[in-house]
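Results of the structural survey
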Amino acid sequence: MGGDAGTAASGGEPGGGASASGGGLKRRRRRRRLRIAGIAVVVLAGAGAGVGWAVYAKLSGNITADEAAAAELARYEKERPASQVRGAQNVLLIGSDSRSGNGNSRYGHDSGTERSDTTILLHLAADRDSATAVSLPRDLMVNVPGCHRPDGSLTKPGLTQFNSAFATGGSACTIRTVEKLTGIRIDHHVVVDFEGFKEMVDALDGVEVCLRKPVDDKDAELKLPAGRVTLDGEQALGYVRARKSLGDGSDTDRMNRQQRFLGALVNKVQSNGVLLNPVKLYPVLDAATSSLTTDPKLASLRGLYDLVRGLRSIPTERVQFLTVPRESYAGDANRDQLVQPDAGKLFARLRTDEPVTITAARRDPAGGTGNSGEARTPESPAPTFSGNTADEDICG
């Protein structure tokens, strides 16, 4: 991706202005190359050295390939939408709420099933000039297709809440549900669990957030002062999952808080202190890859590198986060439904790789946002959606 928050805000690299000789441009290019030097060393340079290859093999071997999902999606290939814009990529990011596995049991009883606690549709523009992350509410009422359970039995299609798709049919069922809802072809998917999220944040030495009032939430195990606070992995997980003590208690508010946290995470990862320091970079990559289950094409360090290498030029102000336009479901106030035609307009723009314009969401006193992310009607023909970008000041 592009420069860190400081250089993005100042409009370029310090001391890297244009000159008649083109020296400034050359310096900027050198520094952009340096930003990915750490990743390139880990991913590529080890091929000819024993230690380097061992590191590459270790990181690559951490990733779990979702072969079952690939087989299930192949079964339904004829009903899946086709990609409409060459080069554009759509990645479904799924945060699993499974309580099984090391360290996850403290978050509740393991019932043997898991649901998609957080689901984000990440659209990468074909020219890699922007990235748009759209949160899909877990309580959104949608038509879930018939999906195969792990035991091979087939569920009946029906209208139900979105996160039940993952519980019954795993990532393949979630992907098919999203594709039917949006008409957007999902090119890749990534599943991350609780423990992996915590380890990633800890490997980055924490991520800074801003709280406008103190937080004391026993259920989320959060006790934090007001102001700028650097969260460790455990605190970060409580922060992005809490509903009672932060914001208005709604899932929409929680999703907006998650989006702002991800923006802060992007800024931290992009900082030179991480990418140019192998001592810091390796534990980050180790934690990130250890927590991932992906489609087979992404299930290697090379696969991930091929996906993200084009993102290095995206400035943080063009990394956008928003929630799909939604409102309370008519049949149950505790569920959501899409707001139309706003949601349809958003999906159409992503499907055809047209720019998505966002406007700043309203902040609440706890540091979250109170806006549901519904589309607004601007003076221009293009719709505008409520959201935020990765370069926003967390206390702004």
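Above this text sits the structure in question.
Figured I'd write up the structure that's included with this text.

Calculation rules
Residues numbered from 1 in each chain as written. Predicted model: local features only at pLDDT ≥ 70, side-chain atom pairs only at ≥ 80, totals over all residues. Heavy atoms only, no water. Axes fitted to C-alpha atoms, helices over the stretch in contact; angles between N-to-C directions. Helix = DSSP H or I, 4+ residues; strand = E, 2+ residues; numbered from the N terminus. Parallel < 35°, antiparallel > 145°, perpendicular 65-115°, else oblique. Left-handed = near helix turned anticlockwise from the far one by under 90°. Contact = heavy atoms within 4.5 Å. Nonpolar A, V, L, I, M, F, W, Y, C, P; charged D, E, K, R; others polar. Disulfide = S-S within 2.5 Å. Buried < 20%, exposed > 50% of the residue type's maximum accessible area, 1.4 Å probe, protein only. Salt bridge = Lys/Arg side-chain N within 4 Å of Asp/Glu carboxyl O. Phe/Tyr/Trp six-rings, centres within 6.5 Å; stacked < 30°, edge-to-face > 60°.

On to the packing of helix 7 (residues 194-203) against helix 8 (residues 233-241). Here helix 7 crosses helix 8 at 125°, and the two axes come no closer than 7 Å. On the basis of the axis angle, helix 7 is oblique to helix 8. In this structure, helix 7 meets helix 8 at a crossing whose hand is right-handed. Of helix 8, the residues touching helix 7 (which contributes Phe-194, Phe-197, Lys-198, Val-201 and Asp-202) are Gly-233, Glu-234, Ala-236, Leu-237, Val-240 and Arg-241. Residues that form the contact of helix 7 with helix 8 fall into these classes: 6 nonpolar, 1 polar and 4 charged.

What follows deals with the state of the cysteines. Under the definition given, this model contains 1 disulfide. Here Cys-147 engages in a disulfide with Cys-173; their sulfurs sit 2.1 Å apart. Residues Cys-147 and Cys-173 are joined through a disulfide that is right-handed, its torsion about the S-S bond being 75°. Of this pair, Cys-147 sits in the loop between strand 5 (141-144) and strand 6 (158-161) while Cys-173 sits in helix 6 (residues 164-182), and the two are 26 residues apart along the sequence. Of the two residues, Cys-147 and Cys-173, both sit in the buried class.

A few words on the pattern of salt bridges. On inspection of all chains with the given rule, the structure shows 14 salt bridges. We note a salt bridge from Arg-176 to Glu-79, for which the minimum N-O separation is 2.8 Å. Of this pair, Arg-176 sits in helix 6 while Glu-79 is found in the loop between helix 5 (67-75) and strand 2 (89-96), placing the two residues 97 residues apart along the sequence. A salt bridge links Arg-326 to Asp-336; its shortest N-O distance comes to 2.6 Å.

Summed over the entire model, instances satisfying the criterion amount to 2 aromatic pairs. Each ring, one from Tyr-239 and one from Phe-261, has its centre 6.2 Å from the other, and the planes form 50°; the classification is tilted. Pair noted here: Tyr-239 is in helix 8 and Phe-261 is in helix 9 (residues 251-270), with a separation of 22 residues, a long-range link. Each member of the pair, Tyr-239 as well as Phe-261, is classed as buried.

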